[in-house]
Amino acid sequence: MRPKTLIIEDLPEEAKKALDQFPEFEALEFNESGANGYVLLGHHRVLKRRVALKVYFHEDNAIDQEPAILARLSHENVLKVYDARKLENDCSFYMTPAADEGDLAKFLDKYYLSTSLSHSLLCQLLSGLSALHDPTIGIVHRDLKPENLLVHDDKLVIADFGSARMVDSATGLAPASKHSILFRPPESFGHEAFFDRSSDVYQAGIIGYMLFGGRLSNDLLKYLTKRELREFRAINQNDDFATSQYIDRCIERRILNQRLLDWSSIPCFVSPPLKRVLRKAVRSHGDRYASISEFLAELARVRNGLPEWIQTSVGPKLENWNRNDYLLEETGDIFTVKKKRHTSKNFRVDKSFTPGALEDVFKQLRTAAGLP
Amino acid sequence: MIVTGVFLKANQSRIITLSGSRTSHELLAEKFNKLALPKNPTQGDVEVFVQAFKAHCMSNGIDKVVINRRATNGQGAGGAGTFLLEGVLLATSQVPVEFVHPATIRATDRRGSGAKTKRPSTVDLGKAYDLAFEGLH
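What counts and what doesn't
Residues numbered from 1 in each chain as written. Chains lettered and ligands numbered in written order. Predicted model: local features only at pLDDT ≥ 70, side-chain atom pairs only at ≥ 80, totals over all residues. Helix = DSSP H or I, 4+ residues; strand = E, 2+ residues; numbered from the N terminus. Rg over C-alpha atoms; globule rule 2.2 N^0.38 Å. Buried ≥ 20, exposed ≤ 12 C-beta atoms within 10 Å, placed from the backbone. Contact = placed C-beta atoms within 7 Å. Nonpolar A, V, L, I, M, F, W, Y, C, P; charged D, E, K, R; others polar. Core = buried A, V, L, I, M, F, W, Y, C linked by C-beta atoms within 7 Å. Domains from an automatic or database assignment. Pairing = 2+ DSSP bridges. pLDDT = per-residue confidence, 0-100.

1. A closer look at the overall build of chain B
From N to C terminus, chain B includes four helices and six strands. Taken from N to C terminus, the helices and strands of chain B fall in the order β-β-β-β-α-β-α-β-α-α. Rg of the C-alpha trace for chain B: 14 Å, near the compact-globule value of 14 Å for 137 residues, within the 12% margin. The proportion of buried residues among the 137 residues of chain B is 37%. Long-range pairs, those at least 24 residues apart, make up 71% of the contacts in chain B with a sequence separation of at least 6.

What follows is the structure, given as structure tokens:
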């Protein structure tokens, strides 16, 4: 949802109270897309920087865990907290730096990411997660998804710790979260549902899949098979609970059978070793990376010699591969290979490649240029 | 005490993490045993290397890192790979880094290598284990 332009009188009472407590804060934008509160974006007159003020609701007199968790963490990829105050018994607010690009979901919608930027953002996410998983902190985030990650100056910052929980120091387990079904790992379903550090690895793996171009639709009906859709239509459509329960059950089956992610949606130019690393991160519990550091070590290994691809408006472009740039220019369904020296300006058609479908042209280029 | 032994060889580091004491210890994070920098690393390569190593130290609560003293003379001395890795570890490690000379490991083995019960069979990982063992009390 787009942030609304600010009219103070239209703001909810809690947001107005927060503004009254913070005369140094000049509110500029209001965003109510959060699940349990609002965000005010504005300028801090004393700190002289853009800040975000999150007003959120919690159970009466409950411990306000979110700012407390943030205050314990000191990592460049974890959101910092400047101040936290209580407004009412069931409502509090805290202040953090504002991210210039907003959340990762918007960032992915707005820009084509190069493979190196995608790789770097994924590593930053894992690096931030390692601070949470530090045994002295012992937290699992449980709700990692693009909407809960912020991007500022091409740096990724983990935010929204509303679902974070401490892991049991003896078992290493935390209660399962029921947020964001598409991102829930297989072990978070069923009677003995749980969450542990590798569950965060699973969610980071899905984010990696999306960073490298994998599609994950928010339209849950798209995950239903034809047969499931027929059964779904037979349910009383006015019964929201029954319909959402049915959809959740279908998606749960897909997750448990490892059929949620469509790996064919990742562009063919993403290197197979990298795809293998991402696939391992989202396997079932016990088969995936047990820790963040294992996942990072594999990402570090596949980074060596990773071709620098970027999707552009005219087609995928490979930059500085053996001092040459290649452009797979799209005309209808036909792709043509264009080539230039990395330092020169204009691409020219390379007639040694036969134009055709993207996969066919990419195969020719892979053989000719020695791509992984 | 949790100690990570890092055996630097060319542009590769072989890693073993031990928890406990010299008389009773166990291997931790067994799958995190190898981390390399490319021959001509970029800033991005070093960044990912550092992130992975820091993540390992943080998520396992490492108290100390022990690395092998680089050869400064003789055959194999002066290689850029170990020099780079050593510099990266020294500059970025958030836990104390100690150097152990191969002669110290040989001396420990002479006094009795019976305590080295969990030594991996592969040569380089065995050397990383020796380094981690030296860091234990």
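Back to the write-up after that little detour.
2. A word on the overall build of chain A
On a plain count of helices and strands, chain A comes out with ten helices and 15 strands. Along the first, second and third principal axes, the C-alpha set of chain A runs to 70 × 50 × 45 Å. A burial count over chain A gives 38% of its 372 residues as buried. Across chain A, the fraction of contacts at a sequence separation of at least 24, relative to all contacts at a separation of at least 6, is 56%.

3. Quick notes on the interface of chain B and chain A
Contacts between chain B and chain A engage 18 residues on the former and 22 residues on the latter. Broken down by secondary-structure element, the contributors of at least two residues to the side of chain B that touches chain A are strand 4 (34-36) and helix 1 (43-60) of chain B. Per-element tally for the side of chain B that touches chain A: the top contributor is helix 1 of chain B, with eleven residues. For the side of chain B that touches chain A, the class distribution of residues is ten nonpolar, five polar and three charged.

4. Let's talk about the environment of L318 of chain A
Tracing the backbone shows L318 of chain A in strand 12 (residues 315-321). With near-sequence residues (within four places) excluded, L318 of chain A lies in contact with P307, E308, W309, D325 and Y326 of chain A.

5. A look at the nonpolar core
Residues and elements named next belong to chain A. Ranked by internal contacts, the top residues of the largest apolar core, which has 111 residues, are L53, L125, L126 and L296. Per-domain counts for this core show at least three residues from each of domain 1 (4-97) and domain 2 (104-216 + 261-303). Judged by nonpolar contacts, the second largest core, of twelve residues, contains Y326, L328, F353 and V361.

6. Regarding the pairing of strand 1 (residues 2-9) of chain B
All names here are of chain B. The buried fraction of strand 1 amounts to seven of the eight residues, a majority that puts the element mostly inside the structure. Pairing of strand 1 with strand 2 (residues 12-20), which is carried by eight bridges, proceeds in the antiparallel orientation. Within the sheet, the bridge partner assigned to V3 lies in strand 2 and is L18. Hairpin connection of strand 1 to strand 2: two residues between the antiparallel strands, including A10 at a positive phi of 55°. In the sheet, strand 1 pairs with strand 5 (residues 64-68) via four bridges, with the strands oriented parallel. Bridge assignment links T4 to a residue of strand 5, and that residue is V65.

7. Looking at the sheet that holds strand 11 (residues 308-312) of chain A
Residues and elements named next belong to chain A. Across the sheet, which stays open at both edges, the five strands sit in the order 11-12-13-14-15 with antiparallel pairing between neighbours. The outermost strands of the open sheet, each flanked by one partner alone, are strand 11 and strand 15 (348-349). Two strands pair when backbone bridges link them, and strand 12 and strand 13 (residues 324-331) are joined in this way by three bridges, in the antiparallel orientation. Looking at strand 13, one finds that K317 is bridged to L327.

8. Here's the deal with the domain arrangement of chain A
All names here are of chain A. For chain A, the assigned domains read domain 1 (4-97), domain 2 (104-216 + 261-303) and domain 3 (308-369). Computed over C-alpha atoms, the centres of domain 2 and domain 3 are 31 Å apart. Listed by partner, the interface residues are seven residues for domain 2 and nine residues for domain 3. A per-class count over the side of domain 2 that touches domain 3 returns four nonpolar, three polar and no charged.

9. Let's talk about the pairing of strand 14 (residues 334-341) of chain A
Taken residue by residue, a regular strand's side chains alternate between the two faces of the sheet. All names here are of chain A. Note that strand 13 and strand 14 share eight bridges and pair antiparallel. Pairing of D325 across the sheet is with K340, part of strand 14. With antiparallel pairing between neighbouring strands as the criterion, strand 13 and strand 14 make up a hairpin whose turn holds two residues, including G332 at a positive phi of roughly 65°. Pairing of strand 14 with strand 15, which is carried by two bridges, proceeds in the antiparallel orientation. When the bridges of strand 15 are listed, K339 appears paired with R348. As consecutive antiparallel partners, strand 14 and strand 15 are separated by six residues.

10. Focus on the confidence of the model for chain B
Looking at chain B, pLDDT values average 91 and 97% of them are 70 or higher. Predicted complex, confidence summary: ipTM 0.89, pTM 0.91.

11. Quick word on the environment of A204 of chain A
Residue and element names in this part refer to chain A. Looking at the secondary structure, you find A204 in helix 5 (residues 197-211). For A204, a count of 27 C-beta atoms within 10 Å gives the class buried. Separated by 130 residues in sequence, A204 and S74 place their C-alpha atoms 20 Å apart. Leaving out residues up to four positions away in the same chain, A204 has contacts with L125, L126, L129, L144 and A281.

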